[in-house]
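# Reading the structure
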Amino acid sequence: VKSSEIFVGDLIRVVDALGLKASMIERAASLLGFALPVPDLARPEQKLKPLPVSVKLPAPPPTNRPDDQPAKTPILLEPVRRDTVDASPPAWLDSGVLRPAPAETDADLSFDPPYEPLFAPGQTRHILSAALATRLLEGEIDGERIVLARARREPIRIVPRRSVPSVRRGVQVLLDRRDALMPFFADQNHLVSTLSAVIGADRISVLQFLRRPTRVLSPEGLREQDYELPPSGTPILLVTDLAIGVPPLSPHMLSVDEWGGFARRAAGARCPVVAFVPYPARRWPTNLRGAINIVQWDRSTTAGDTHRRVGRGLRVSA
Amino acid sequence: MSRALRAIEGLARFRPAVLDLAMAVSLAARIEPELLRTARLRLLPHHDAGVEADLWFSPLVESRNPIAMVLAVDAAEELRRVLLSGKDATGEDAAFSLDDAWAVVNEVHKKAPPTIKLIERLTWLSLTETGSERIEEELRPLVVAAFRDGRREYIDWAHRVHDRLQPRVRATAAFGMLLWGRPEAPATRRLPTPTGDLKTWILSQLAGVSERATLCVGVEPDAIVLGVESEQADYSLSVPDTDPVVLDLRPNAPNAAWQTVIWTKGASHRFAVDSFPAEIRAATGEVYSIPLRVIDTRHSAVRGLAVLKDGNHALSGSEYGTLCLWDLTTGEALRTLQGHRGAVNAVAVVPDDAQALSGSEDGTLRLWDLHTGEILRTLEGHRGAVNAVAVMPDGARALSGSEDGALRLWDLHTGEILRTLEGHRGSVNAVAVIPDGRHWLSASDDNTLRMWDLDSGPHILAGHTSSVNSVAVLPDAEHAVTGSSDHTLRLWDLVRGNTLRVFEGHTASITAVAVTGDGRCALSASQDRSIRVWDIESGEMLQNLAGHNDVVTTVAVVANSRRLVSGSVDGSLRLWDLAPLLGARVQARRAEQEKQRAEAARRAEEEKQQAEATRRAEEEKQRAEATGRAEEEKHRAEEELPPPKLVRILISSPSDVAEERKAAAELIEQELAKREAFRRPLRLHVLGYDDLHSDTPFLADRSAQASLDRGLQSADAEIVVAILWARMGTPVRDPSDPARILYQSGTEQEVEEALNAGREVLIYFRRGSAPMPDNDDDISEVLSQRRKVRAFRDRLEQHGRGVNDYQDVADFKRKLAQHLDQRLTRIRDASLARAREAVKEA
């Protein structure tokens, strides 16, 4: 215990030097500036009354909470130990052999997979010829008709000839480019190129439509225009699904009736209509079967089947 | 169920051909029309081209364009699963195999871009490989390129194709590394928890981070919240500055496994914790112990500590001479007690929780009113610093130990020194009161523990090799634990005064010890900054509680709980939770006890069986011995038995009962003589004049009867059997006067003489008429004989002699056997009794 300048030792020296009695010590201490009373060492300690035996400790208000009690701040913890962490990178990280990098853009993802046409390659030419040939009176001279005319004494103005199927009239190809034909776009392209080889590029005209056959794309493909029938007698090849396919949420739905109207218009112009349809016969619209010559566009189709469907050359109605 | 999976169900019922084709191309990363065509023509040649379009526009397809389509992820996985099973969608055997489908995809995509081929190969491997090593091998080059060569496009690729890969591919470490290359993605995709190579790699990345960040941690009663705001945090610790943050956590449980937690920097992560302290390990290896509560005493080293009985308050003594009352539930300081003029070395609470006693380096003890914080009394008398205080169970007295080497017993009511106990040769560092209130313990720098008894003086318990710094008494009052500067704890048997166990493990001086309320665990605080929990019974160290940043000076158990409080030179009090530890210990103990019980039961059963076997063997042995003894005794008895008593049985009868006589002889010789009861003690001898084997000579000069008479007198026989029917026999005449008839027959004579001699005489009369003779000449003789027999019987009966009647030979034999058995038994017993008497007399 000390005051600002006086120490306990000072008090001891005073008591020793002056030979103070015990009763004087407290006074001397007071004179020296000690604030606290000095216990009377010569007098027995005052006996206090007994303490209460059992007193419940109430929740005391923090009346004398330490003044420097701080606001809550997190206690900085120190590590109690350091575990050995295997932080070495995998050994193979430095020994890998780089493989071709995965592509980054969609363009990098394009490639030309091997193509399998719908028609069997060995049958394609025959099928196309059988399906698109029209009947022409350009065959051998029909002797029977000459004899018959002579017997009736009718003049023979035109040498009668027998009819033969021929693709000489060429073909107008109308490609259905709606979403419903999406899986067959490549087949349509392949078909057009094959037709060029079989019939001759100069004898085919290719039209395509996005929504309905009456509105076709202009040659440059930038706009739609009205469909125009080919010259009379020229067959029309429809590469379509005849509205069988149902692409989900497609805005370009086409009804079977529209194809019926198309067929009647073509028939009026004496243009036979043939349709290559990738769906089997059981799914073909029944009301179109008489108006359109439908050929299943698939691997199972043969030239014989085609002949049975369309006959020996398309008839060009009068 | 997703739309795609519902579509699979519908197609399986109505358009199975579409599902067949979908399965055929399901291994492909993308499906071009060309792939569809080839797959159909090769694998499903009977399906028409319409199937291609039907699949193209089916709900199985997630997206499509004129170049290609992509199957929905879940549909593709399901189709692959079915394909792998070898069945088609209807459950029939598939028309093609997984290999067939893979061959078609490979052929069509032979020139496909590498990313497509890689995805398809990963898919193929995930379906066909049992392990993941080959998948890892496929991906590792990408990891190498991404992280060694800085080709981040591989990381982007991984994120782009993540959803399209099989789960097994996504689960590989290599793919996880690629994902972790751009860890800012977790908001949209949960990054895999690092394991194996992935974890190793991530740790290597984090270990290389030079910057460190402060992680603020909040503690809740049942959880740790990582990444809280600083204002809400209880603790802060240093971790690598990464995003996301990766840490390992481990709850307070023995052998608990580390759990890796990952969360985005800036967010918070809650980790459930059963008890504290939990441990957090940074990715760089630093382990932090997270106690339930740390109370910062404002950088004042804690010297003394006592926990109030209510369990919610603690009183600490500081090096600056103050005591502080703490609320353990909130960590708040409730009251500061000032008055000591030196460091407070020891604190004790009076049992009523209303007062506390402190001992200080100023040489005084002070009694405090915890309500008001006032000093109730100052106890002076020690000549040095007071190092230890303890309050007696009665709350009226206290014990103190000082560096002056003395203990003093104080009256707290009067402040008087009741007794001064001296004897230690060094500073008294700790005192403890044994619950009986009559014995105290003191620990000293003189390396000893002393047990003080007011009546008989101290008992010195030596064993520590350095200063004994602390002592705690077990609840049984018969054991104590001490902690020493020799780095060990010792368990003492206070009754015998010897060391029962030494606990080793601390690496520095032990400063304080305590014992849990159940007396099963000892707690020790050490200068090595740790607190260790020991199983007193086994000596096993149950847990090492680390966390203090300096010497742990004191430790106290919270009453009626599983918690303890420790104080340290680092100026903190820490609250620890022992519940799971003790629970596990108890479980282990119970398991051990169960095991021991089972073992004891097994041993008891074995011992029982062994005892039973021993008992049986003993019994057998005893039986054998008894048998042997019996046999021996028998033999000895036989040896000791007198020679067989000759019992002569005279069969006396006229000739008309020859059959009965013969039957009687056979009965005696063939049955009774061989009977066990009589075989040894008796020797039966049948006498009869018609005995062919009799040694009685039949002399030519006399009749057979006469010969018999001379050879044997009936009085010499022990038993006489007389048999009569219709003939009395030949009269016996006086040899000197042949006219004079002495007896009507020899039978009569023999019966008379035997009766006169007191022998056993059995007389049998056959009932019924005997056949008459064929000639009339003999009839008078026959009748005469019958009259004689009848007269003989009358005479017997007149004299009170008993006679026996019988019907035929068999009846005679039965009755004779019965009668002879009785008599022979009596003779035997009498003979043996006489023999025993003779032995006794001898």
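Cut-offs used in this document
- Starting from 1, residues in each chain are numbered consecutively following that chain's sequence as written.
- Throughout, the order in which chains and ligands are written sets their labels, letters from A for the former and numbers from 1 for the latter.
- For a predicted model such as this one, the threshold for reporting local features is a pLDDT of at least 70, and the threshold for listing and counting side-chain atom pairs is 80 or more; totals across whole chains, interfaces and linings nevertheless cover every residue.
- To get the side-chain values, take all heavy atoms of the structure and skip hydrogens and water.
- What counts as a helix is a DSSP run of H or I of at least four residues, what counts as a strand is a run of E of at least two, and both are numbered from the N terminus.
- Each residue gets one of three labels from its accessible area relative to the maximum for its type: buried under 20%, exposed over 50%, partly exposed in between, using a 1.4 Å probe on protein chains only.
- Contacts: residue pairs with any heavy atoms within 4.5 Å of one another.
- For the area figures, the Shrake-Rupley method with a 1.4 Å probe applies, and any residue is considered shielded solely by the protein chains shown.
- Multiplying 1.5 Å by the helix residue count minus one yields the expected span of that helix.
- In short, DSSP must find at least two bridges between two strands for them to pair.
- Between N-to-C directions, angles span 0 to 180 degrees; the directions come from axes that are lines fitted to C-alpha atoms, helices contributing only their stretch in contact.
- What counts as a salt bridge is simple: a side-chain nitrogen of Lys or Arg found within 4 Å of a carboxyl oxygen of Asp or Glu.
- Along the chain, pLDDT gives the predictor's confidence residue by residue, from 0 to 100.
- Roughly parallel here means an angle under 35 degrees, roughly antiparallel means over 145, roughly perpendicular means 65 to 115, and every remaining angle is called oblique.
- Left-handed describes a crossing whose near helix is turned anticlockwise from the far helix by less than a right angle; the clockwise case is right-handed.
- Take the buried residues of types Ala, Val, Leu, Ile, Met, Phe, Trp, Tyr and Cys, join any two whose side-chain atoms come within 4.5 Å, and each joined set is a nonpolar core.
- Here is the rule: rings of Phe, Tyr and Trp (six-membered ring for Trp) pair when centre to centre is within 6.5 Å. Planes less than 30 degrees apart are stacked, more than 60 are edge-to-face, and the remainder are tilted.
- We count a charge as sitting over a ring when the NZ of a lysine or the CZ of an arginine lies within 6 Å of the ring centre and within 35 degrees of the ring normal.

With that settled, the discussion passes to the overall build of chain A. Broken down by element type, chain A carries 7 helices and 11 strands. Looking at chain A residue by residue over its 318 residues, the buried ones come to 37%. Counting contacts in chain A only where the partners sit at least 6 residues apart, residues at least 24 apart contribute 69% of the total. For chain A, the computed accessible surface area is about 18,800 Å², with 54% contributed by carbon and sulfur atoms.

Once that is clear, we can look at helix H14 (residues 658-672) of chain B. Given a rise of 1.5 Å per residue, 15 residues ought to cover 21 Å, and the 20 Å separating the end C-alpha atoms of H14 of chain B matches this to within 8%. All of the buried residues in H14 of chain B are Glu660, Arg661, Ala663, Ala664, Ala665, Leu667, Ile668 and Leu672 of chain B.

Here the focus is the sheet that holds strand E15 (residues 333-338) of chain B. Consider a sheet: its strands pair through backbone hydrogen bonds, and that pairing is either parallel or antiparallel. Residues and elements named next belong to chain B. Taken in spatial order, the 4 strands line up as E12-E13-E14-E15 in an open sheet, and their pairing is antiparallel. A single partner strand is all that each edge strand has here, and the edge strands are strand E12 (302-307) and E15. On average, each strand axis in the sheet is inclined to that of its neighbour by 20°, with strand direction left out of account. In this sheet, strand E13 (residues 313-318) lies alongside E12 in antiparallel orientation, the contact comprising 5 bridges. Its bridge partner lying in E13, Val307 is registered against Ala314.

All names here are of chain B. The element strand E30 (residues 488-493) is extensively covered by neighbouring structure, given that 6 of its 6 residues are classed as buried. Across 5 bridges, the pairing between strand E29 (residues 479-484) and E30 is antiparallel. Directly across from Val481, in E30, lies its bridge partner Leu491. Counted between consecutive antiparallel strands, the loop separating E29 from E30 contains 3 residues, among which His487 sits at a positive phi close to 75°. Bridge count for E30 against strand E31 (residues 498-504) is 6 bridges, and the pairing is antiparallel. Bridge pairing links Leu489 to Phe503 in E31. The loop that links E30 with its antiparallel partner E31 comprises 4 residues; one of these, Gly497, has a positive phi angle of about 75°.

Here the focus is helix H18 (residues 779-798) of chain B. Residues and elements named next belong to chain B. Compared with an ideal rise of 1.5 Å per residue, which puts 20 residues at 28 Å, H18 spans 28 Å between its outermost C-alpha atoms and is within 8% of the ideal. Structurally, H18 contributes buried residues whose contacts are with strand E41 (719-724), helix H17 (746-756) and strand E44 (760-766). Positive backbone phi, approximately 75°, marks Gly800, located one or two places after H18.

All told, the structure shown has 60 salt bridges over all chains when counted by the stated rule. As a salt-bridge pair, Arg178 of chain A and Asp176 of chain A come within 2.9 Å of each other at their nearest N and O atoms. A salt bridge links Glu606 of chain B to Arg602 of chain B, with the shortest nitrogen-to-oxygen separation between them at 2.4 Å. Residue Glu606 of chain B and its partner Arg602 of chain B are located together in helix H13 (residues 579-640), separated by 4 residues, close to a single helical turn. Residue classification places Glu606 of chain B among the partly exposed positions, given a relative accessible area of 39%. For Arg602 of chain B, a relative accessible area of 39% corresponds to the partly exposed category.

Here the focus is the confidence of the model for chain B. Detailed conclusions should not be drawn from predicted coordinates in areas where pLDDT is low. Counting all residues, the mean pLDDT for chain B is 84, and 90% of those residues have values of 70 or more. Per the prediction output, this complex has pTM 0.51; the corresponding ipTM is 0.72.

Looking now at the packing of helix H8 (residues 133-148) of chain B against helix H11 (residues 173-180) of chain B. Residues and elements named next belong to chain B. The contact between H8 and H11 brings their axes to 8 Å, and the two run at 25°. In terms of orientation, H8 and H11 fall into the roughly parallel class. At the point where H8 passes H11, the crossing takes the left-handed sense. Residue-level inspection shows Glu136, Leu139, Arg140, Leu142, Val143, Ala146 and Phe147 of H8 in contact with H11, the latter providing Ala173, Ala174, Phe175, Met177 and Leu178.

Take the sheet that holds strand E3 (residues 212-220) of chain B next. Strands sit in the order E1(A)-E5(B)-E3(B)-E4(B)-E8(B) across an open sheet of 5 strands; the sheet is mixed. Edge positions in the sheet fall to strand E1 (75-76) of chain A together with strand E8 (269-272) of chain B, since each of these pairs with one other strand and no more. By the bridge criterion, 2 bridges tie E1 of chain A to strand E5 (residues 235-240) of chain B in an arrangement that is parallel. The residue of E5 of chain B that forms the bridge with Ile75 of chain A is Tyr235 of chain B.

All right, on to the environment of Asn312 of chain B then. Residues and elements named next belong to chain B. On the secondary structure map, Asn312 appears in the loop between E12 and E13. Considering only alpha carbons, one finds Asn312 and Thr330, 18 residues apart in sequence, at a separation of 9.2 Å. Discounting chain neighbours no more than four positions away, the residues touching Asn312 are Trp326, Asp327, Leu328 and Thr329.

Residues Leu237 and Phe276 of chain A together with Leu60 and Trp157 of chain B are the most contacted members of the largest nonpolar core, which totals 138 residues. Excluding residues within four positions of it along the chain, Phe276 of chain A makes contact with Phe119, Leu128, Ala131, Leu191, Leu237, Leu238, Val239, Thr240, Val295 and Trp297 of chain A. Of all hydrophobic cores here, the second largest spans 39 residues; its members include Val219, Ile280, Ile290 and Val302 of chain B.

Given two aromatic rings, one states the distance between the centres and the angle between the planes to describe the pair. Residue and element names in this part refer to chain A. Scanning all chains against the criterion turns up 10 aromatic pairs over all chains. Summarising the aromatic geometry, the rings of Phe119 and Phe276 are spaced 5.2 Å apart at their centres and angled 90° between planes, so their arrangement reads as edge-to-face. With a gap of 157 residues between them, Phe119 in the loop between strand E2 (81-82) and helix H3 (121-132) and Phe276 in strand E10 (residues 273-277) connect regions that are remote in the sequence. The two residues Phe119 and Phe276 agree in class, both being buried. Through successive ring pairs, a cluster of aromatic residues spans Phe209, Tyr227, Trp259 and Phe262. Here Arg177 stacks its cationic end above the ring of Phe185, 5.3 Å away from the centre of that ring.

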